[in-house]
Amino acid sequence: MLVPSLVDGLLLGFVYGIAAMGLSLIWGVMNVINLSHGPIIALGMFGVYLVFNAIGLNPYLTLVLVAVMGLLLGILIYWVAVHRVINAPHLSTLLATFSVNMIIVGIGTAVFTTSPRNVDFTLGSITLGPITLPWTRILAALAAGVVTVLLYLFLYRTPPGKAIRAVTDNRAAAELMGIPTNWMLALSFGLGTMLAAISGGLIATFFPFTILAGGSYELKSFVICVLGGLGNPLGALIGGLLLGALEGIIPAFMETSWVPVLEFILFVLILLVRPQGLLGSKT
Amino acid sequence: MSKQLKSPGLWLSLAIVVAFGLWPALAGNKAYARETTFTILKAVALASSLNILLGYTGYVSFGHIVFFGLGGYVGFYLMEVHGLHLAVAVLAGGLSAALLAFLLGKAILRLRGAYFALATIGVNEAVRAFIKNFDPFGGPIGMTLNFQVYKAYGGPDRALWIAYIATALLTLVIVLVSFLVKTSRFGLGLMAIRENEDAAEVMGVVAPNAKTWAYVLSALFPGMIGVLFFFKNGNIEPGDAFVLHQSIEAIVMVMLGGQGTVLGPILGAAAYQRLRGLLLVSPLFKNIQLAVAGVLLLIIVLFVPAGVIGWLRGRFPRLRRVLE
C-alpha cells in the first residue's frame, strides 16, 4: 500500500517540481512572486486540451507548442505588467501579477466556463510487482526531468543563460557589462511562465481540470519553493519530490483531507524557522 | 484626544459612513437597498481594518480574510450549538480573531516583505484546510443556522435589520478607530515602521510590539463583521469563509482609495463594490467582470500607486486638512 502510493507521489512530484521551478526562477532573478502562476498552469492545460481535441495531435508534441506560447506570454506579461514596478515595493509587483491572474481567470471563465474538462488520452499502464503505473505518469516525470536538464544546460552553457545568471547576481554590474538587463528579465519571466505552462500541459494528460484548477497548483508551488529555498531552481525540483512523497505517504496514516492541513502548516513553519528553505540558497 | 476630534477629516469620513448606513431608510425598496448597502459596509469595514496593517504599518497581508472566516465560524458555532445571543457571539468572534492574530503576530511579523505575504496566504489555507476536517464546526459541509434562532430576535426580517444596524454601527467604530490610530503616537510609530523599520527601532519604537498590536487591531474587527455576515447569511462553510480572493479584493479597495489614509479605504471599498455590482448586471461585462476588475487594478498599480485620495493629497496640498 505504502510503496505504490509513494512511487505515485514521487512521479507527480517531478511535475509539481517544474511548476515550482518556474516560480523560483522568477523570484531568484528579479525578486518578484508571480501570482499569475496558477492561471498560466491552467492555460497550459487548456493548450494541450484544445490542440488534442481539434487535430488530435499527440499531447507530448503539443507541449512544444505550449512551451513556446508560455514563453511569449510571459515576455508579454513582463513588459505590460511587471516592468514598470520592478523596483517598487513588493506590494506593487504582487498586485500587478495578481491583476494578470484576474484578467486570465476572468477571460478564461467567460470563454471556457468552469465545467471540468479532461484530455481523453491513455497509454495503458505497466505493472512492476505490487506497483501499477499509468504510462502518462511515467512520461510526465521523464518529460519534467528532460525540461530540468535543458533548463540547466541553457542557464550554464549558453550566452543568454549566462547573462540571466549575471543579472541575478548583480543587475547594475550586468548592465555595465553591456548586458540588456531588461530583456534578460523579460526572458527569465518568460522561462518561468513556460515552465508553468509545461507542467500544466503534463498534468492535463492524467487529471481532469477547470480554468480555476491552476490555483491549487500555484499554492503547491509556493510550498515547494519554500521547501527548496526561494530562488533556487534545483531546490524547487527536490522540494517537488519531497511534496510528492509527502502526498504519497500521509494518506497511509490518516485521511487524505488532512494532507493540505499538514502541507500548509509545514509551509508556515519553514517560513518561520528557515525562510531560506530547507536546502538553503544564496540570499 | 479633544484636538483630534476637531479634525474635519474625521467628520467627513464618519459622515460618509453614516450616509451609507441611512440609505436603506430613505430608499424605495428598503430590503434591496439594505442588501446592497450591507455589502458596501462590510467592504468598508474590512478595507479600513486591513488599512491599519497595510496602509499604516506597510505589511501586506494577503490572507486577511482568515480573521473574517474564523470569527464567523466561532460566533456561528456559539449561536447554533450553544444558543448564545448575537451580541455575545460577535464579541467572541472578534476576540478569537484577535487572539489568533496575537499568537501569529509574534511569529510571522518577523518576516518582511514578500515572505510575510506568503506566510499569510499559508495561514489562511492552513486554517481553511483544518476547518474542513474539524467536525465540531461541521467539517466540509459547514453549519446551518436553525430557523428558530431568528425567533429570539423577532423573526427573520427583524433579525436581518438588527444585523444590518449592528454592521453599520460597527463600521462607524472601525472608521473612528482607524482615525484615532492614525493621529496617535502609536500610529506615528507604525508609520515610522512602514518607512524604515530599522530606523524606527533606533528611534525608540518597539517594533515587534507595535506591529503585533496593529495586527491584532486589524484582525479584531473582521472577526466581528464575520459573525454578523454569517448570522445574516444563515449558513457557513469553509469555501465561503476563507476565500483568498476576498482578501485580495480588500487590498484592491485600499489601494484604489489610497493606502494609509482614513477616507481612502471607505471610498475605495464603496467604489469597488459599486463597480462590481454594475459589471455583474451589465450584459456586456457580466461574464468578464473579473477581467475588468483586473485591468482596473493593473492601471492603479502601474500609474496611481498612491490611490485616489493619496493622489489628491499630493496634488492639492490644501485638501490635506479635509482628506485625512
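Just so it is clear, the model here is predicted, and its values are computed rather than measured.

Counting its secondary structure elements, chain A contains eleven helices and two strands. Reading the secondary structure of chain A in the N-to-C direction produces α-α-α-α-β-β-α-α-α-α-α-α-α. Scaling as 2.2 N^0.38, a compact globule of 283 residues should have a C-alpha radius of gyration of about 19 Å, and chain A matches this with 18 Å. Projected onto its principal axes, the C-alpha coordinates of chain A cover approximately 60 × 45 × 35 Å. Each of the 283 residues in chain A was classed as buried or not, and the buried ones make up 54%. In chain A, the share of contacts with a sequence separation of at least 24, taken over all contacts with a separation of at least 6, comes to 78%.

Quick look at the overall build of chain B now. Along chain B, the regular secondary structure elements total 16 helices and two strands. Expected size for 324 residues packed as a compact globule is a radius of gyration near 20 Å; at 19 Å, chain B falls within 12% of this value. When the backbone C-alpha atoms are referred to their principal axes, chain B occupies close to 55 × 45 × 45 Å. By the burial criterion, 52% of the 324 residues in chain B qualify as buried.

This paragraph deals with the nonpolar core. Among the nonpolar cores identified, the biggest contains 204 residues, and Val-15, Met-45 and Ile-198 of chain A together with Val-44 of chain B are the most heavily contacted of them. Considering each element in turn, this core owes the most residues, 16 residues, to helix H1 (residues 2–30) of chain A.

This part is about the confidence of the model for chain B. Any segment with low pLDDT has predicted coordinates that should not be analysed in fine detail. Model confidence for chain B is summarised by a mean pLDDT of 91, while 100% of its residues fall at 70 or above. Predicted complex, confidence summary: ipTM 0.86, pTM 0.89.

Here we come to the interface of chain A and chain B. Taken residue by residue, the interface counts 34 residues in chain A and 35 residues in chain B. Within the residue set of the side of chain A that touches chain B, elements represented by two or more residues are helix H4 (90–112), helix H9 (214–228) and helix H11 (259–273) of chain A. A total of 16 residues in the side of chain A that touches chain B trace back to one element, the largest contributor, which is H4 of chain A. Of the residues in the side of chain A that touches chain B, the class split is 27 nonpolar, six polar and one charged.

Glancing now at the pairing of strand S1 (residues 125–128) of chain A. Residues and elements named next belong to chain A. Where S1 meets strand S2 (residues 131–134), four bridges bridge the pair, whose relative direction is antiparallel. Paired with Thr-127 across the strands is Thr-132, a residue of S2. Hairpin connection between S1 and S2: a loop of two residues separates the two successive antiparallel strands, and Gly-129 in this loop has a positive phi of roughly 60°.

This brings us to the confidence of the model for chain A. Per-chain confidence: chain A averages 90 in pLDDT, with 99% of residues scoring 70 or above. S1 of chain A is the least confidently modelled element of chain A, averaging 84 in pLDDT, while helix H8 (residues 181–204) of chain A averages 96, the highest of any element.

The next subject is the packing of helix H2 (residues 37–55) of chain A against H8 of chain A. Residues and elements named next belong to chain A. It is the contact of H2 with H8, at a shortest axis distance of 7 Å, that shows an interaxial angle of 50°. Judged by the angle between their axes, H2 and H8 are oblique. Crossing hand, H2 versus H8: right-handed. Between H2, through His-37, Ile-40, Ile-41, Ala-42, Leu-43, Gly-44, Met-45, Gly-47, Val-48 and Tyr-49, and H8, the contact on the second element is made entirely by Thr-193, Ala-196, Ala-197, Ile-198, Ser-199, Gly-200, Gly-201, Ile-203 and Ala-204. Taken together, the residues that form the contact of H2 with H8 break down as twelve nonpolar, seven polar and no charged.

Here we come to unusual backbone geometry. All names here are of chain A. The residue Asn-31 is not glycine, and still its phi comes out positive at about 55°. Even without being a glycine, Thr-113 presents a positive backbone phi close to 55°. Take Thr-113: it is sitting in the loop between H4 and S1. Residue classification places Thr-113 among the exposed positions, given that 12 C-beta atoms sit within 10 Å.

With that settled, consider the packing of H2 of chain A against H9 of chain A. Residue and element names in this part refer to chain A. In the contact formed by H2 and H9, the axes pass within 7 Å of each other and the chain directions differ by 125°. When the axis of H2 is compared with that of H9, the two are oblique. Seen along the crossing, H2 lies across H9 with a hand that is right-handed. Between H2, through His-37, Gly-38, Pro-39, Ile-40, Ile-41 and Ala-42, and H9, the contact on the second element is made entirely by Gly-214, Gly-215, Tyr-217, Glu-218 and Ser-221.

The subject of this paragraph is the environment of Ile-138 of chain A. Residue and element names in this part refer to chain A. Considering the arrangement of structural elements, one finds Ile-138 in helix H5 (residues 135–157). With 13 residues separating them in the primary sequence, Ile-138 and Ser-125 have C-alpha atoms 9.4 Å apart. What Ile-138 contacts, discounting residues up to four positions off in sequence, is Leu-11 and Leu-133.

On to the environment of Ala-81 of chain A, then. Its location among the elements puts Ala-81 of chain A in helix H3 (residues 59–82). Judged by C-beta crowding, with 23 C-beta atoms within 10 Å, Ala-81 of chain A ranks as buried. Considering only alpha carbons, one finds Ala-81 of chain A and Met-194 of chain A, 113 residues apart in sequence, at a separation of 17 Å. With residues near it in sequence (within four places) discarded, Ala-81 of chain A still touches Ala-96, Thr-97, Ser-99 and Val-100 of chain A together with Leu-298 of chain B.

Turning to H4 of chain A, a few remarks are in order. Residue and element names in this part refer to chain A. In this model, H4 (23 residues) spans 32 Å end to end at C-alpha, consistent with the 33 Å of a helix rising 1.5 Å per residue. Across the 23 residues that make up H4, a large majority, 17, are buried. Downstream of H4 by a residue or two, Thr-113 has a phi angle that is positive, lying close to 55°.

The next subject is H1 of chain A. All names here are of chain A. Its 29 residues place the ends of H1 40 Å apart at the C-alpha level, agreeing with the 42 Å of an ideal helix rising 1.5 Å per residue. Along H1, 22 of the 29 residues are buried, which leaves the element largely enclosed by surrounding structure. Count one or two residues on from H1 and you reach Asn-31, which has phi positive near 55°.

Calculation rules
- Residues numbered from 1 in each chain as written.
- Chains lettered and ligands numbered in written order.
- Predicted model: local features only at pLDDT ≥ 70, side-chain atom pairs only at ≥ 80, totals over all residues.
- Helix = DSSP H or I, 4+ residues; strand = E, 2+ residues; numbered from the N terminus.
- Rg over C-alpha atoms; globule rule 2.2 N^0.38 Å.
- Buried ≥ 20, exposed ≤ 12 C-beta atoms within 10 Å, placed from the backbone.
- Contact = placed C-beta atoms within 7 Å.
- Core = buried A, V, L, I, M, F, W, Y, C linked by C-beta atoms within 7 Å.
- pLDDT = per-residue confidence, 0-100.
- Nonpolar A, V, L, I, M, F, W, Y, C, P; charged D, E, K, R; others polar.
- Pairing = 2+ DSSP bridges.
- Axes fitted to C-alpha atoms, helices over the stretch in contact; angles between N-to-C directions.
- Parallel < 35°, antiparallel > 145°, perpendicular 65-115°, else oblique.
- Left-handed = near helix turned anticlockwise from the far one by under 90°.
- Expected span 1.5 Å × (residues − 1).

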